[in-house]
Every structure is written in structure tokens, then in C-alpha cells.
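If you want the building blocks of each chain, they are given just below.
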Amino acid sequence: MLSLTRMYREETGEMELDPEKVAPWMHSKGVPLPIPPSPMKLLEASIVQAWREEVRYDKKTRLPYRANHAVPMGLTKHGKSYVWIDIDSADRNRMFKALQKRREGIVDDAIGLELDKDHWNSVHPKDEPNALQMDFALDVEWRKNSMPRRGRTA
């Protein structure tokens with residue numbers, strides 16, 4: 001895919017890529033279309049998406065929170081295994097594991113962001129370097145306090 005992407009850029013001169021344009025081009029070069037997953041796998045993915053998107057509102061603060069959380073359960077022959085828990089009935093240990101998993105994902109994203117920023121700065125030494133604040137505490141407080149609350153005040 002990546003070598004074909006380089007070929008596409010060379011052939012078209014386009015540097016900003018649109019997958020809706022690149023995919024037909026790649027298919028015309030012989031890349032086979034993927035085989036769709038089974039109906040059962042599609043149903044599983046739909047269920048997980050619904051669980052991930054369910055939002056409830058705290059009765060005291062009236063702020064939204066995610067109702068369902070994935071808890072890592074170890075490795076299987078197909079990769080990582082997860083079970084899903086309801087935040088309102090989860091025990092502390094399972095909820096801690098779910099929260100820790102999400103935190104690790106945020107840290108992974110922050111590392112990737114820093115590496116990308118550092119690389120851009122190194123290959124553009126004549127430009128003003130991009131700088132990013134990686135302490136998110138104040139950003140989180142500002143956004144949390146500016147969120148609209150659901151329902152009336154008590």
C-alpha cells in the first residue's frame with residue numbers, strides 16, 4: 001500500500017491524498033478488493049460501536065459519561081481479548097483496568113504527537129519550531145467546566 005501510495009503521488013503530483021480517489025487508482029493497478037468480514041463479525045462490530053457510543057448523564061453534575069467500558073482480559077490467538085462492563089455496576093478493580101487502558105491509549109497518542117512534532121521541527125530547521133504543551137490538566141478543566149449540562153438545575 002505504501003509503495004503504491006508513493007507511485008500515486010509521483011504519477012499524479014498530488015500531495016494531499018483523498019482515499020476515495022486513491023482506492024480506485026490502486027484497484028486499477030491490481031490491488032484486490034478486501035473480502036468483507038462475516039455477517040457475525042459485522043454484527044459484533046456494530047454491538048461494540050453501540051456500547052462505545054452509549055452516553056448517560058450524571059444525576060448530580062448533569063455532565064455526560066460513557067456508560068460502557070472495555071476491560072482487557074489478556075491475549076488470545078486472535079489478539080487482545082476484552083469484556084465490556086457497565087460503569088454504574090462495575091467493581092473498582094475492573095473499572096480501574098478499563099480506565100488505565102484508556103489512559104494508556106492517550107499516552108500512546110501523546111508519544112506519537114511528540115515524535116511527529118519533533119520530526120517536523122528537525123526537517124524544517126528554517127521555520128519557527130512547532131511547540132506543544134503536553135500537560136492537559138488545565139485544558140481538561142476548562143472543557144469540563146464549559147460543557148453544557150443536561151436538564152434543569154435542582
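Everything that follows concerns the structure shown earlier in this document.
Residues numbered from 1 in each chain as written. Predicted model: local features only at pLDDT ≥ 70, side-chain atom pairs only at ≥ 80, totals over all residues. Heavy atoms only, no water.

Participant: An account of the environment of Lys59 is requested, with residue identities and associated values reported.
Facilitator: Within the fold, Lys59 resides in the loop between β1 (55-57) and β2 (64-66). Lys59 sits in the exposed class, given a relative accessible area of 82%. Sequence-wise, Lys59 and His78 are 19 residues apart; in three dimensions their C-alpha atoms are separated by 39 Å. (Helix = DSSP H or I, 4+ residues; strand = E, 2+ residues; numbered from the N terminus. Buried < 20%, exposed > 50% of the residue type's maximum accessible area, 1.4 Å probe, protein only.)

Participant: Please give an account of the pattern of salt bridges that cites residues and values.
Facilitator: One pass over the full model with this rule turns up 8 salt bridges. A salt bridge links Lys41 to Glu44, with the nearest nitrogen and oxygen atoms 3.3 Å apart. Residue Lys41 and its partner Glu44 are located together in helix α3 (residues 39-53), separated by 3 residues, close to a single helical turn. The exposure class of Lys41 is partly exposed, given its relative accessible area of 49%. The class of Glu44 is partly exposed, set by a relative accessible area of 36%. One salt bridge in this structure joins Arg56 and Asp88, with 2.7 Å as the shortest N-O distance. One end of the pair, Arg56, is in strand β1; the other, Asp88, is in the loop between β4 (79-86) and α4 (92-123), with 32 residues separating them in the sequence. Among the residues examined, Arg56 registers a relative accessible area of 22% and is labelled partly exposed. Several salt bridges converge on common partners, so that one network encompasses Glu54, Arg56, Asp86 and Asp88. (Salt bridge = Lys/Arg side-chain N within 4 Å of Asp/Glu carboxyl O.)

Participant: I'd love a proper account of the nonpolar core, names of residues and values included.
Facilitator: Judged by nonpolar contacts, Leu4, Tyr8, Val22, Trp25, Met26 and Val31 together constitute the single largest core of 6 residues. When residues of this core are traced back to their parent elements, those giving at least two are α1 (2-12) and α2 (19-28). Broken down by element, this core gets its largest block of residues, 3 residues, from α2. Each residue touching Tyr8, except ones within four places of it in the same chain, is listed here: Gly13, Glu14, Leu17, Lys21, Val22 and Trp25. (Core = buried A, V, L, I, M, F, W, Y, C linked by side-chain atoms within 4.5 Å. Contact = heavy atoms within 4.5 Å.)

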